[in-house]
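A look at the structure
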Amino acid sequence: MTDRDADAGDGGDAETSTTGVTTAQEFYTRWARLYDALATYGPGVSTLRERTAAALDPQAGDTVVEMGCGTGANFAYLRERVGDSGTVVGVDFSPGMLAVARDRVVREKWENVHVVRGDATQPPVEHTDAVVASFVSGMLADPAAVVDDWADLVGPGGRLALLDLARSTRPAGRPLNALFHGLVLAGMPSKRPADLSAATELLDRRVVAAQRALRKRCVDATYSTHALGFARLGAGTVR
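The written sequence of each chain sets the order in which its residues are numbered from 1. For this predicted model, a pLDDT threshold of at least 70 governs which residues receive local features, and a threshold of 80 or more governs which side-chain atom pairs are given and counted, while totals over whole chains, interfaces and linings are taken from all residues. Hydrogen atoms and water are omitted, and side-chain values are computed over all heavy atoms in the structure.

Time to look at the confidence of the model for the protein. Values of pLDDT, ranging from 0 to 100, describe the predictor's confidence in every residue of the model. Averaged over every residue, the pLDDT of the protein is 89; residues scoring 70 or more account for 88%. This model gives residues 3–16 a pLDDT under 50, and the stretch forms 30 contacts once residues within four places in sequence are excluded. In what follows, residue pairs with any heavy atoms lying within 4.5 Å of each other are defined as contacts.

With that settled, consider the sheet that holds strand β6 (residues 222–226). Strand pairing in a sheet is mediated by backbone hydrogen bonds. Such pairs are either parallel or antiparallel. When DSSP locates at least two bridges between a pair of strands, those strands are taken to pair. Labels follow the DSSP assignment, with helices taken as runs of H or I lasting at least four residues and strands as runs of E lasting at least two, numbered in each case from the N terminus. Across the sheet, 7 strands lie side by side as β3-β2-β1-β4-β5-β7-β6; this open sheet has mixed pairing. A strand with exactly one partner marks an edge of an open sheet, and here the two such strands are β3 (113–117) and β6. Direction aside, neighbouring strands of the sheet carry axes that sit 15° apart on average. As defined by bridge partners, strand β2 (residues 87–92) adjoins β3 across 5 bridges and the pair is classed as parallel. Looking at the pairing, V91 lines up with V116 of β3. Lines fitted to C-alpha atoms define the axes, with helix axes restricted to the stretch in contact, and inter-axis angles between N-to-C directions lie between 0 and 180 degrees. Contacting β1 (63–67), β4 (130–134) and β5 (159–165), helix α6 (residues 143–154) runs over the sheet at an angle of about 150° to β5.

Working definition: rings of Phe, Tyr and Trp (its six-membered ring) pair if their centres are within 6.5 Å, and the pair is stacked with planes under 30 degrees apart, edge-to-face with planes over 60 apart, and tilted otherwise. Applying the stated criterion to the full structure yields 1 aromatic pair. On the basis of an interplanar angle of 35° and a centroid distance of 5.3 Å, the ring pair of F180 and F230 is categorised as tilted. You can see F180 sitting in helix α7 (residues 177–186) and its partner F230 sitting in the loop between β6 and β7 (231–237), a full 50 residues away along the chain. Of the two residues, F180 and F230, both sit in the buried class. A cation over an aromatic ring shows up here: R215 above the ring of Y223, its NZ or CZ 5.5 Å from the ring centre. Exposure categories follow from relative accessible area, calculated using a 1.4 Å probe and restricted to protein chains: below 20% of the type maximum is buried, above 50% is exposed, and the middle band is partly exposed. As a reminder, the over-ring test applies to NZ of lysine and CZ of arginine, requiring each to be within 6 Å of the ring centre and within 35 degrees of the ring normal.

Turning next to the nonpolar core. The nonpolar core is taken to be a set of buried Ala, Val, Leu, Ile, Met, Phe, Trp, Tyr and Cys residues, with the residues joined through side-chain atoms within 4.5 Å. Ranked by internal contacts, the top residues of the largest apolar core, which has 23 residues, are L56, V64, F75, L78, V88, V113 and V132. Elements supplying a minimum of two residues to this core: α3 (45–56), α4 (75–82), α5 (95–108), β3, β4, β5 and β7. The element that contributes the greatest number of residues to this core is α3, accounting for 4 residues. Contacts of V88, omitting those with residues within four sequence positions, involve V64, F75, L78, R79, V82, N112, V113 and H114. In this structure, M67, V136, L140 and L153 belong to the second largest nonpolar core, which totals 22 residues.

Quick look at the packing of α6 against helix α9 (residues 199–217) now. Following both chains from N to C, one finds α6 and α9 inclined at 35°, their axes separated by 8 Å at the closest point. Classified by chirality, the crossing of α9 by α6 is right-handed. Residues P143, A144, V147, D148, A151 and D152 of α6 touch α9, and the partners they reach there are R206, A209, A210, A213, L214 and R217. For this classification, the nonpolar set comprises Ala, Val, Leu, Ile, Met, Phe, Trp, Tyr, Cys and Pro, the charged set comprises Asp, Glu, Lys and Arg, and every other residue, Gly included, is treated as polar. Across the contact of α6 with α9, the residue classes tally to 8 nonpolar, no polar and 4 charged. Left-handed is the label given to a crossing in which the near helix is rotated counterclockwise from the far helix by less than a right angle, and right-handed is the label when the rotation is clockwise.

Moving on to the pairing of β5. Burial analysis of β5 places 6 of its 7 residues in the buried class, which makes it a mostly covered element. By the bridge criterion, 5 bridges tie β4 to β5 in an arrangement that is parallel. Counterpart to A133 in the pairing with β5 is L162. Since β4 and β5 lie parallel, the crossover through α6 that links them has a hand, and here it is right-handed. The definition of a right-handed crossover adopted here requires that, viewed with the strands pointing away, the path from the first strand over the helix to the second runs clockwise.

Our next topic: a nonpolar patch on the surface. Exposure above 30% relative accessible area and the lack of any salt bridge qualify a residue for a patch; like charges then connect within 9 Å, and the nonpolar side chains Val, Leu, Ile, Met, Phe, Trp and Tyr within 5 Å. Using a 1.4 Å probe, accessible areas were evaluated by the Shrake-Rupley method; residue-level cover was limited to the displayed protein chains. Any Lys or Arg side-chain nitrogen located within 4 Å of an Asp or Glu carboxyl oxygen qualifies as a salt bridge. Among the surface-exposed residues, L176, L179, L183 and L228 lie close enough to one another that they form a single nonpolar patch of about 370 Å² accessible area. Topologically, L228 is positioned in the loop between β6 and β7. The partly exposed category is assigned to L228, whose relative accessible area is 38%.

On to α7. All of the buried residues in α7 are N177, F180, V184 and L185. The arc enclosing the buried residues of α7, seen along the axis, measures out at 140°, which places them on a common side. Exposed residues on α7 whose side chains face more than 90 degrees from its buried face are A178, L179, L183 and A186. This arc corresponds to the set of directions leading from the helix axis out to the C-beta atoms.

Listed in full, the buried residues belonging to α4 are F75, L78 and V82. When α4 is viewed along its axis, its buried side chains cluster within an angular range of 70° and face the same direction. The elements touched by buried residues of α4 are α3, β1, β2, α5, β3 and β4. Following α4 by one or two positions, G83 has its phi on the positive side, about 75°.

Next comes the structure, spelled out in structure tokens:
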């Protein structure tokens, strides 16, 4: 989760922005346990997370930073890749989400997994070998700029991976786009009338912008769709 675009808006003054951040933090804290259940046990979700870790392809001993880590549902898959000699760092702005993530780390006794409260658009990290973000691009006001920043953070030879959700363009998935729109609205912390009708269009644009930025910065970018076309997975090595 991120501070910069917590209310899914495209601008506003400082007071509005602060209000949006507070609203989002309260929303995600309130629903953290339910979100964790869906993020962990939802149909097909574990397969998507495993594919994301595989696409990121960190090596044993690497440090991986997950931007907008939520409740830490990706941690097990990332830790399996970096091994005991590597490090996984989760960054999120929601206290409630981080509390669940910390509980997970303690329960699993992962000494090389850490969680940090911070803004994924301004991560409190100076360098890392890889960056991964799941279901975050649609929350960013300027996803291309943020992905550029993440690419700079890992540097040449570093790895990037983005897992996003957007409306399906597959014939089999299109009939479910109306249901997807409803899910997008349900997951919005701030439901302003002006946002509701355009929510999925805005999400689509942001996901496309993030994935394009990844392909632009990476020498070997891969891209695939899953879950009837609703899940978009891109990964690559920064040039």
